[in-house]
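Understanding the architecture of this molecule
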Amino acid sequence: MSTLYLLHKPYRMLSQFTDREGRATLADVISVPGVYAAGRLDYDSEGLLLLSDDGALIHRIAHPRHKQPKTYWVQLEGQLTDDALHGLRSGLMLKDGPTLPAKARRMAPPDLPERTPAVDPKRHPVTSWLELTISEGRNRQVRRMTAEVGFPTLRLIRAAIGPWRLEGLAPGEWRKETLHAPRQAPAKTARTHPTRRKPR
C-alpha cells in the first residue's frame, strides 16, 4: 500500500522543496515529510504534480520507459488552425528528433483561476486553447511543439498524468490518495476519501 499526493503546482514555483535564490518552492504549499516529486513541471508551468515517499512508485510514474500519458491544457498565441492540429497529431521534427503522434484537439478555456500575473490581453489580443496528450517527457516539449506549428505557448497547465487528474484542486491545493497495491507494483488504484489541503 502506497500513498500518493496530487498537488496543483502554481505558476512560478519550483518543483522542489528548497531554493538558494529564495523562489517559491513546494515547501510553501505542502509539508509532508519524506515525499518527493515524480517528475517535474517547469517554473513557468502549472498544474498536476504527483508526490510520494515510495521510490518504486515515483520511478514507475516518472520514467519515460513506462510512457505514462500526460495531458496539457495550453493557451496559444493566435487562433489554432487545422493544419497545426494535423501536425501535432502526425508528429513533428524537433531539434532532438521526431516526436510521437500526439492527441490534440481544440478546447474551451478551462474553468481555472487566472494566472498571476495573467496573460496580457493587450500584448496577446487573440488566443486559443489546445488540449494535448503526449507520452514522452522531453525538456519543454509541449512549448517546442506548439512553436514548431506556429503557435507559441502563453500558458501551460498539466491536467492529467495517467489516470490521475487535476480536477477539484485550485492552485496550491493538494489531496492524498491511497494505492491499495504492493509498493513494488502499484498498478491498480483504489481511492479512499481524499484529503484536501489549502496552501499555508
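Shown above is the structure to which this text applies.
Residues numbered from 1 in each chain as written. Predicted model: local features only at pLDDT ≥ 70, side-chain atom pairs only at ≥ 80, totals over all residues. Heavy atoms only, no water.

In this section: the layout of surface pockets. What the largest pocket holds in volume is close to 450 Å³. Around the largest pocket, the lining comprises 26 residues; the ones closest to its centre are Arg-40, Tyr-72, Gly-137, Arg-138 and Arg-158. For the lining of the largest pocket, the secondary-structure elements that each account for two or more residues are helix H1 (55-62), strand E4 (70-77), helix H3 (141-148) and strand E9 (153-161). A per-element tally of the lining of the largest pocket places H3 first, with three residues. Among the residues making up the lining of the largest pocket, the classes are represented as nine nonpolar, eight polar and nine charged. (1 Å grid on protein atoms, 1.4 Å probe; cavity = no way out; pocket = protein on both sides within 12 Å on 5 of 7 lines; lining within 4 Å. Points joined across faces, edges and corners; volume = space filled by probe spheres on them. Helix = DSSP H or I, 4+ residues; strand = E, 2+ residues; numbered from the N terminus. Nonpolar A, V, L, I, M, F, W, Y, C, P; charged D, E, K, R; others polar.)

What follows is about the environment of Pro-171. Looking at the element boundaries, Pro-171 is found in the loop between strand E10 (164-165) and strand E11 (174-179). Residues Pro-171 and Val-29 lie 142 residues apart in sequence; the distance between their C-alpha atoms is 9.3 Å.

In terms of residue burial, E11 counts as a mostly covered element, since five of its six residues are buried. Sheet topology note: the strand E1 (residues 2-9)/E11 ladder contains six bridges and is antiparallel. Across the sheet, the residue bridging to Ser-2 is Leu-179, located in E11. (Buried < 20%, exposed > 50% of the residue type's maximum accessible area, 1.4 Å probe, protein only. Pairing = 2+ DSSP bridges.)

When H3 is considered as a whole, its buried residues turn out to be Gln-141, Val-142, Arg-143, Met-145 and Thr-146. Looking at the buried positions of H3, the neighbouring elements they touch are E4, helix H2 (82-90), strand E5 (93-94), strand E8 (127-134) and E9. One or two positions beyond H3, positive phi appears at Gly-150, with a value near 95°. (Contact = heavy atoms within 4.5 Å.)

This part takes up the packing of aromatic side chains. Counted by the stated rule, this structure contains one aromatic pair. Sitting over the ring of Tyr-43, Arg-23 keeps its end group 5.6 Å from the ring centre. Across the ring face of Tyr-11, the terminal group of Arg-115 is positioned such that the distance to the ring centre comes to 4.2 Å. (Phe/Tyr/Trp six-rings, centres within 6.5 Å; stacked < 30°, edge-to-face > 60°. Lys NZ or Arg CZ within 6 Å of the ring centre and 35° of its normal.)

Structurally, Ser-135 is set in the loop between E8 and H3. Under the relative-accessibility criterion, Ser-135 is labelled partly exposed at 26%. Residues Ser-135 and Pro-101, spaced 34 residues apart in sequence, show a C-alpha to C-alpha distance of 9.1 Å. Not counting residues within four places of it along the chain, the set of residues in contact with Ser-135 comprises Lys-67, Gln-68, Pro-69 and Leu-100.

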